[in-house]
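Single-letter residue listing:
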Amino acid sequence: MAEYLQHEHDVLVIGAGGAGLRAAVEASAAGARVALISKSLLGKAHTVMAEGGIAAALADVDDRDNWRVHFSDTMRGGQYLNSWRMAELHAREAPARVRELEAWGALFDRTADGRILQRNFGGHRYPRLAHVGDRTGLEMIRTLQDHGIHLGLDVFMEHTIVVLLKDGERVIGAFGYDRERGRFHVFRAGAVVLATGGIGRAFKITSNSWEYTGDGHSLAYHAGAALMDMEFVQFHPTGMIWPPSVRGILVTEGVRGEGGVLRNNQGRRFMFDDIPPLYVNQTANSEEEGWRYTQGDKNARRPPELLTRDHVARCIRREVREGRGSPHGGVFLDIAWIKERIPNSAEYIKKKLPSMYHQFKQLADIDITQVPMEVGPTTHYVMGGVRVDPDSQMSDVPGLFAAGECGAGLHGANRLGGNSLSDLLVFGQRAGEYAANFAKQHPAGQVNPEALASAERRALKPFDQENSEGPYAIQHALQDLMQDLVGIVRVEAEMLQALERIRELKARADRAGVQGNREYNTGWHTALDLTSLLTVSEIITRAALDRKESRGAHFRDDFPDKDAAYGKFNIVARKGPDGEVQLIHEPLPPMPPEFQQIIEEMK
Ligand SMILES: Cc1cc2nc3c(=O)[nH]c(=O)nc-3n(C[C@H](O)[C@H](O)[C@H](O)COP(=O)(O)OP(=O)(O)OC[C@H]3O[C@@H](n4cnc5c(N)ncnc54)[C@H](O)[C@@H]3O)c2cc1C
């Protein structure tokens, strides 16, 4: 093993976004020696892009809020496929995690009397998102990073893990390379936490950063862990659509939370036309009531623009398909209209939504304080991920933990906005604590030299291919097919076609070649990412074919209704003994009566 750079720690955290940093902080505070690995530079993980805020029932703005309401909102949003235990832990613990972040230096926006300001967001009954303008993720990363560095984490920036190492059943480390020099590294550890984020780069139109190639999902799957709920990919209703170079970039739900409305090309607020039965009692029945809600009137109900993301995205799609869309194939999102209600509205918008103002001004030459934006759905988040124990976050592979977007369970069929940042804090903390405990009881295991040699051979294969195809064409073909055939509306025939094409792309990826050397070779990095992208794309497609109903983010044109029978299980994917994807219908754990009662009370 002499040719590899070697590192040994108690806990290895793969991913330096909110979940990874929070896990690393906790493990380190528990006395573990922690390594933190990131594909990008520290501070640049995808979490930095988060805009709208962190959902937590602090009740700083509306004293009717509490963990029970948050629990019930999260379950309703997830169409009751969520792990009720994770939803409970999340709702109970999020307020403490936010206050802790504040104590560590996060400067949240304040109410007039100095409490943490909370904003409205889709699917949340009360204003619940603690935020810092529309740059909340930046503040979160900055705070956790500062805190973590002082605890003495060993940080490995611009390193990519390509395989997890096992000793028997247990995960004992990981093998990867540094992106700058292309040298191979072996990380040995008592426990490994995956916090690698999502899969958005499997689709053509996405709000996600380049890091989102599904690596953690794929690493876990190939190491024998189960993935759950992979059919549920969230298409955020409002991404930029024009000019083409910026298509997919997120337009935060905060715009609608601050009073922004959606209109079609006839100027109609089409969201009033279709309100799902689960939400009728909580939705405003006039524009006037909706406006009052956004301005903090406790007697008003939320406007239909703040219904869950899956529903809003499908309504937008309907308007476009039926010829009522905007010139570039979306609809209009209008915050400028509030000038009819608020003096100095331009200053107000710039203060509340500074990033959105600059984003549109600089990228599209549009002043959102004066004219509406054009928006359309964009691939945003994956509810599916590594199946974990709700309390400890350990997967069913001993020693392997997962937290954040690469984990599954909290969000069920659809995530509510703001519930990801709180997920990162709550379950990142838990993953760090339990991983440190596990590592105390399990010293680093024995690395199999043959496993390392094989990982190295596979990683270097793209340099040895003759007359080969480059990886980018394969990546783009995959993104096109996932967008077209497994996107926001799905049908069986198209998904079967997608599976066939993924099979062909796997064969092409196996022959993909790159030129040059190993030093910062982005072609090589892309060639290695293809394994993850193809693995998660196949699993998403198979799970989506298997769920013959429409629920949450998963919409089947051939099965447009919800089917109660499908509300009783999660779809779990594993790698079978033949190397193929196996799907299992795993019954939902029974919910204790007191939690059922909470849900009934909040209806
Ligand atoms: C534009 C935008 C705005 C959003 N706004 C909000 C919001 O306001 N509120 C909210 O709750 N949610 C929001 N979300 C969602 C939320 O930001 C993400 O779900 C969340 O940040 C994911 O955090 P994470 O810690 O799981 O992963 P990330 O922050 O993505 O971190 C993943 C880390 O893993 C590393 N990594 C990945 N693969 C490897 C590998 N193979 N080897 C080594 N390292 C690897 C990456 O380099 C990175 O460091 C938003 C998302 C987007 C795109």
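These notes cover the structure that comes with them. Bear in mind that the values here come from a model prediction, so they are computed numbers and not experimental data.

Bringing the environment of Leu58 into the picture now. Along the chain, Leu58 falls in the loop between strand 3 (54-55) and helix 2 (67-77). Sequence spacing of Leu58 and Leu533 is 475 residues, and the spatial spacing of their C-alpha atoms is 38 Å.

Working note: a packed helix pair is described by the angle between its axes plus the distance between those axes. Across the interface, helix 13 (residues 471-485) lies against helix 14 (residues 492-510) with an axial gap of 10 Å and an inter-helix angle of 170°. Here helix 13 lies roughly antiparallel to helix 14, going by the angle between them. Contact with helix 13, carried on its side by Ala473, Ile474, Ala477, Leu478, Leu481, Met482, Asp484 and Leu485, involves Glu494, Met495, Gln497, Ala498, Arg501, Ile502, Leu505, Arg508 and Ala509 of helix 14 and no other residues of that element. For the contact of helix 13 with helix 14, the residue count by class is 12 nonpolar, 1 polar and 4 charged.

This part covers the pairing of strand 17 (residues 569-575). Extensive coverage of strand 17 is indicated by the burial of 5 of its 7 residues. Pairing of strand 10 (residues 227-228) with strand 17 involves 2 bridges; the strand directions are antiparallel. Among the inter-strand pairings, Met228 is bridged to a residue of strand 17, identified as Val572. From the end of strand 17 to the start of strand 18 (residues 581-587), which pair antiparallel, there are 5 residues, and Gly579 there has a positive phi angle of about 85°.

Moving on to the site of the ligand. In the vicinity of the ligand lie 40 residues, with Thr47, Gly52, Glu211, Tyr212 and Glu405 positioned nearest. Contact distances for the ligand include 2.9 Å between an oxygen atom and a backbone N or O atom of Lys39. A distance of 2.8 Å is found between an oxygen atom of the ligand and a side-chain nitrogen or oxygen belonging to Ser420. Against a free-state accessible area of 1000 Å², the protein chains account for coverage of 99% of the ligand. Those elements that provide at least two residues to the shell around the ligand are helix 1 (18-29), strand 7 (159-167), strand 14 (373-382) and helix 11 (419-441). Considering every element that reaches the shell around the ligand, the biggest residue donor is helix 11, with 4 residues. Class assignment of the residues belonging to the shell around the ligand gives a composition of 14 nonpolar, 20 polar and 6 charged.

Time to look at the nonpolar core. Ranked by size, the top nonpolar core spans 117 residues in total, and within it Val11, Leu12, Phe71, Phe108, Leu194 and Leu400 carry the most contacts. Leave out the neighbours within four places in its chain, and Phe71 touches Trp84, Ala87, Glu88, Ala91, Phe595, Ile598 and Ile599. Tyr279, Val312, Leu353 and Met373 belong to the second largest nonpolar core, which has 29 residues in total.

Here we take up unusual backbone geometry. Cis geometry is found at the peptide bond from Trp242 to Pro243, where omega equals 0°. Looking at the element boundaries, Pro243 is found in the loop between strand 11 (233-240) and helix 6 (254-257). Positive phi, close to 55°, is recorded for Gln79, a residue that is not glycine. Of note, Gln79 is situated in the loop between helix 2 and helix 3 (84-103). Residue classification places Gln79 among the buried residues on the basis of a relative accessible area of 12%. In this structure, Tyr80 takes a positive phi of about 65° despite not being glycine. Tracing the sequence through the fold places Tyr80 in the loop between helix 2 and helix 3.

Moving on to the packing of aromatic side chains. Scanning the entire structure with this criterion turns up 14 aromatic pairs. Three or more aromatic residues link up through ring pairs in this structure, and these residues are Tyr4, Phe175, Tyr177, Phe184, Phe463 and Trp524. Seen from the ring of Trp67, Arg92 lies directly overhead, with NZ or CZ sitting 4.0 Å from the centre. Taking NZ or CZ as reference, Arg415 lies 4.1 Å from the ring centre of Tyr381, over its face.

What follows is about the side chain of Ser209. Topologically, Ser209 is positioned in the loop between strand 9 (184-194) and helix 5 (215-222). Ignoring any residue separated from it by four or fewer positions in sequence, one finds Ser209 in contact with His46, Met49 and Arg201.

How each quantity is defined
Residues numbered from 1 in each chain as written. Predicted model: local features only at pLDDT ≥ 70, side-chain atom pairs only at ≥ 80, totals over all residues. Heavy atoms only, no water. Helix = DSSP H or I, 4+ residues; strand = E, 2+ residues; numbered from the N terminus. Axes fitted to C-alpha atoms, helices over the stretch in contact; angles between N-to-C directions. Parallel < 35°, antiparallel > 145°, perpendicular 65-115°, else oblique. Contact = heavy atoms within 4.5 Å. Nonpolar A, V, L, I, M, F, W, Y, C, P; charged D, E, K, R; others polar. Buried < 20%, exposed > 50% of the residue type's maximum accessible area, 1.4 Å probe, protein only. Pairing = 2+ DSSP bridges. Near = heavy atom within 4 Å. Polar contact = N/O pair within 3.5 Å; in protein donor to acceptor, adjacent residues only side chain to side chain. Areas by Shrake-Rupley, 256 points an atom, 1.4 Å probe, with all protein chains shown as cover. Core = buried A, V, L, I, M, F, W, Y, C linked by side-chain atoms within 4.5 Å. Phe/Tyr/Trp six-rings, centres within 6.5 Å; stacked < 30°, edge-to-face > 60°. Lys NZ or Arg CZ within 6 Å of the ring centre and 35° of its normal.

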